[in-house]
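# Architecture at a glance
Given next are the chains, with one letter for each unit.
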Amino acid sequence: MNSGIEDDIESVLHIAREVSVFKIPPLKANEGHRAGEWGDLAQPLWKGRLRILEKNSGVTILFEDGTTGELFAKADYDPSKPCVEAVLDSSRYFVVRIEDNGRKAYIGMGFIERTDSFDFSVALQDYTKRWRASQNPSEPSENEDKPSPHIPAGPKKDFSLKEGQTFSIAIPGKKKAATETSTDLLSTSSASSAPGASGGGFPLLPPPPSSGTRRR
């Protein structure tokens, strides 16, 4: 497969059915953007569809007419210098940097629902993670090969049993009871075997007398 065909492969990372675009005032020094300063948010400059499109060359944010697909504006998304910035006073509004032939412009963008803005942010974050992994393929992931803080440092020990080895477990209260029982049994056996002993055990009965005649 040649590079020309590979460049034609496209993947849609996110689609927002309706977004609003606003003309925004210049950014004040040392302050972030605020949607509350954009005027009447019910009267946007443009409304349409937003798509995040990924190709081998990178990711592009497209603002398109929801019916005809006509392009209104686009922004190339570079994770090393993101063109999307969240505003300070809302989770549904963002500022997007548009570049065309070296010229830059900033537009405001807003979603109707917070879930739409959340999905939009997640799509860009997921792509950023994949982009960073592709730029540093030899770097381990954040948690890869990272020792657990709950495991003490040092060489690992082999506690497995070798062939023929056994182990015993001492259960509290069981050893004493077993010892007492063994002692009682020994005492009873000794008492029973002693001549003239009585009490403590069952006496052994003598064998029946032998008789040379059969009982009829």
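- If you check an unreviewed UniProt entry, the protein chain appears there as Adaptin ear-binding coat-associated protein 1 NECAP-1 from Lentinula lateritia.

## Concerning the packing of aromatic side chains
- Enumeration according to the criterion identifies nine aromatic pairs in this entry.
- On the basis of an interplanar angle of 80° and a centroid distance of 6.4 Å, the ring pair of W46 and F63 is categorised as edge-to-face. With W46 in strand β2 (residues 46-55) and F63 in strand β3 (residues 58-64), the pair connects residues that are 17 residues apart, well separated along the chain.
- In this structure an aromatic cluster arises from ring pairing among F22, W38 and Y93.

## Here's the deal with the sheet that holds strand β5 (residues 84-86)
- Read across the sheet, seven strands follow the order β4-β3-β2-β1-β7-β6-β5 without closing on themselves; strand pairing throughout is antiparallel. If you trace the sheet from one side to the other, it starts and ends with β4 (71-77) and β5, each paired once. Neighbour-to-neighbour, the strand axes of this sheet turn through a mean angle of 35°, independent of strand direction.
- By the bridge criterion, five bridges tie strand β1 (residues 11-23) to strand β7 (residues 103-111) in an arrangement that is antiparallel. In the strand pairing of β7, V19 is matched with F111.
- Running at roughly 125° to β1, helix α2 (residues 114-135) makes contact with β1, β2, β3, β4, β5, β6 (93-100) and β7 of the sheet.

## Some thoughts on the pattern of salt bridges
- Taken as a whole and judged by the stated rule, the model has six salt bridges.
- In this structure, K47 engages E18 in a salt bridge whose closest nitrogen and oxygen atoms are separated by 3.6 Å. Highlighted residues: K47 in strand β2 and E18 in strand β1, separated in sequence by 29 residues.
- In this structure, R103 engages D100 in a salt bridge whose closest nitrogen and oxygen atoms are separated by 3.9 Å.
- You can call R103 exposed: its relative accessible area is 59%.
- One continuous salt-bridge network, built from bridges that share partners, spans R49, R51 and E64.

## Considerations on α2
- In this model, α2 (22 residues) spans 32 Å end to end at C-alpha, consistent with the 32 Å of a helix rising 1.5 Å per residue.
- Residues of α2 that are buried: S117, F120, A123, L124, Y127 and T128. Relative to the axis of α2, the buried residues are bounded by an arc of 130° and lie together on one face. Projecting away from the buried face of α2 at angles above 90 degrees are the exposed residues R114, T115, F118, K129 and R132.

## Quick word on the side chain of H33
- Relative to the helices and strands, H33 resides in the loop between β1 and β2.
- According to the relative accessible area criterion, H33 is buried, its value standing at 9%.
- With residues up to four places along the chain from it excluded, the contact list for H33 reads I24, L27, E85, V87, L88 and V95.

## Thoughts on the nonpolar core
- Judged by nonpolar contacts, the single largest core of 24 residues is most densely connected at L50, I61, F63, V84, M109 and F120.
- Mapped by element, the contributors of at least two residues to this core are β1, β2, β3, β4, β6, β7 and α2.
- In terms of residue count, α2 provides more of this core than any other element does, four residues in total.
- By size, the runner-up hydrophobic cluster in this structure holds seven residues, among which are F22, I24, W38 and Y93.

## Section: unusual backbone geometry
- Unlike most non-glycine residues, N101 shows phi in positive territory, near 55°.
- Along the chain, N101 falls in the loop between β6 and β7.
- Look at N101 and you get exposed, because its relative accessible area is 74%.

Criteria and thresholds
- Residues numbered from 1 in each chain as written.
- Predicted model: local features only at pLDDT ≥ 70, side-chain atom pairs only at ≥ 80, totals over all residues.
- Heavy atoms only, no water.
- Phe/Tyr/Trp six-rings, centres within 6.5 Å; stacked < 30°, edge-to-face > 60°.
- Helix = DSSP H or I, 4+ residues; strand = E, 2+ residues; numbered from the N terminus.
- Pairing = 2+ DSSP bridges.
- Axes fitted to C-alpha atoms, helices over the stretch in contact; angles between N-to-C directions.
- Contact = heavy atoms within 4.5 Å.
- Salt bridge = Lys/Arg side-chain N within 4 Å of Asp/Glu carboxyl O.
- Buried < 20%, exposed > 50% of the residue type's maximum accessible area, 1.4 Å probe, protein only.
- Expected span 1.5 Å × (residues − 1).
- Arc of directions from axis to C-beta.
- Core = buried A, V, L, I, M, F, W, Y, C linked by side-chain atoms within 4.5 Å.

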